[in-house]
Amino acid sequence: MKLGRMNHIGVATPDIEASIAFYKEVMGAQVVTEPFVLESQKVRVCFVETPQQGGALGTTGGTQIELLQPTEADSAVGKWLEKNPLGGQHHICWEVEDITEAKAWFEAQGKRVLGEPRVGAHGTMIFFVHPKDMGGQLTEIMERPREAH
Ligand SMILES: CC[C@H](C(=O)O)C(=O)SCCNC(=O)CCNC(=O)[C@H](O)C(C)(C)COP(=O)(O)OP(=O)(O)OC[C@H]1O[C@@H](n2cnc3c(N)ncnc32)[C@H](O)[C@@H]1OP(=O)(O)O
Ligand SMILES: [Co+2]
C-alpha cells in the first residue's frame with residue numbers, strides 16, 4: 001500500500017459553533033462548511049478548509065479540519081469527550097486508492113479494522129483502524145474521491 005494524501009484531521013468539540021468561531025476569528029479560516037448531522041456516527045460535523053500546498057492563504061483544497069460534536073453521549077466521540085472534555089485531535093484520515101485492498105492490507109498486518117467499510121462524511125467508503133494497533137492514533141482510511149483518481 002502507498003501512503004496517500006491526508007484528507008482530514010478529526011477534531012472533537014463539545015460546542016461546534018464555538019469551534020467554528022475559533023477557527024474563523026482566532027485562526028483566520030475563510031471557508032467553513034455548514035454543520036450537518038451524520039446519524040450513523042451520532043455526530044454533527046463540518047469542515048474547516050485549508051489551502052493546498054503552495055495555495056494562497058484562505059483558499060481551499062488542502063487537508064481539512066473535520067469538527068465533530070456528538071449528538072449523543074453514548075457514541076464514539078461522546079465517550080472520547082468524557083475523557084477529553086475540552087475536545088481536540090480525535091483521528092487522522094488518510095486517502096487510499098482502493099478501500100478493499102487497504103482493508104486486506106491492514107488486516108494482514110494484524111491491525112484491527114473496526115467494522116466493515118461504510119460511506120463516510122465525504123460520501124466515499126471509509127473504515128477505522130484501532131488506535132492501539134496504530135501507535136495510539138485512531139486512523140480513518142478513506143477511498144480517494146473518484147474524480148481525484
Ligand atoms: C464525521 C463522520 C466521520 C465518518 O465516520 O465518516 C467520522 O470521522 S466519525 C468519528 C467517530 N467515529 C469513530 O471514531 C469510529 C471509530 N471509533 C471507534 O470504533 C471507537 O471510538 C474505538 C474502538 C476507537 C474506541 O471505542 P471504545 O468503546 O473501546 O472506547 P474506550 O474509551 O474503551 O477506548 C478503548 C481504548 O482506546 C483509546 N481510544 C479511544 N478513542 C481514541 C482516539 N480517538 N484516539 C486514541 N485512542 C483512543 C481509549 O483511550 C482506550 O485506551 P485505554 O488505554 O484503554 O484507556
Ligand atoms: Co473523519
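This one's a predicted model, so the numbers in the text were calculated from it and none came from an experiment. (Residues numbered from 1 in each chain as written. Chains lettered and ligands numbered in written order. Predicted model: local features only at pLDDT ≥ 70, side-chain atom pairs only at ≥ 80, totals over all residues. Heavy atoms only, no water.)

Caption draft 1: Representation of the coordination of the cobalt ion (ligand 2). Protein-derived coordination of the cobalt ion (ligand 2) comes from His8 (NE2), Glu66 (OE), His91 (NE2) and Glu140 (OE), at a distance range of 2.0 to 2.3 Å. If you list the donors of the cobalt ion (ligand 2) from N- to C-terminus, the spacing comes out as H-x57-E-x24-H-x48-E. In this pair, His8 is assigned in strand S1 (residues 6-12) and His91 in strand S5 (residues 88-96), connecting sequence segments 83 residues apart. Per residue, the accessibility class of His8 equals that of His91, and both read buried. (Donors = N, O, S within 2.8 Å, 3.2 Å for Na, K, Ca; no water. Helix = DSSP H or I, 4+ residues; strand = E, 2+ residues; numbered from the N terminus. Buried < 20%, exposed > 50% of the residue type's maximum accessible area, 1.4 Å probe, protein only.)

Caption draft 2: Region of the structure containing the pairing of S5. Inspection of the sheet shows S1 paired to S5 by 6 bridges, in the antiparallel sense. For Ile9, the partnering residue across the bridge sits in S5 and is Ile92. Relative to strand S8 (residues 139-143), S5 runs parallel, the two being bridged by 5 bridges. Each residue of the ladder has a partner; that of Trp94, found in S8, is Ile141. (Pairing = 2+ DSSP bridges.)

Caption draft 3: Region of the structure containing the site of ligand 1. The immediate surroundings of ligand 1 are formed by 25 residues, with Gln41, Lys79, Arg118, Ala121 and Lys132 found nearest. Side-chain polar atom of Lys132 to an oxygen atom of ligand 1: 2.7 Å apart, as the coordinates give it. Between an oxygen atom of ligand 1 and a side-chain N or O atom of Glu140, the distance comes to 3.2 Å. Burial of ligand 1 by the surrounding chains reaches 71%, relative to a free accessible area of 1100 Å². Elements that contribute at least two residues to the shell around ligand 1 include exactly strand S3 (43-48), strand S4 (64-70), helix H2 (76-83), S5, strand S6 (113-119) and strand S7 (125-129). No other element matches the 5 residues that H2 contributes to the shell around ligand 1. Each residue belonging to the shell around ligand 1 can be placed in one class, and the counts come to 13 nonpolar, 6 polar and 6 charged. (Near = heavy atom within 4 Å. Polar contact = N/O pair within 3.5 Å; in protein donor to acceptor, adjacent residues only side chain to side chain. Areas by Shrake-Rupley, 256 points an atom, 1.4 Å probe, with all protein chains shown as cover. Nonpolar A, V, L, I, M, F, W, Y, C, P; charged D, E, K, R; others polar.)

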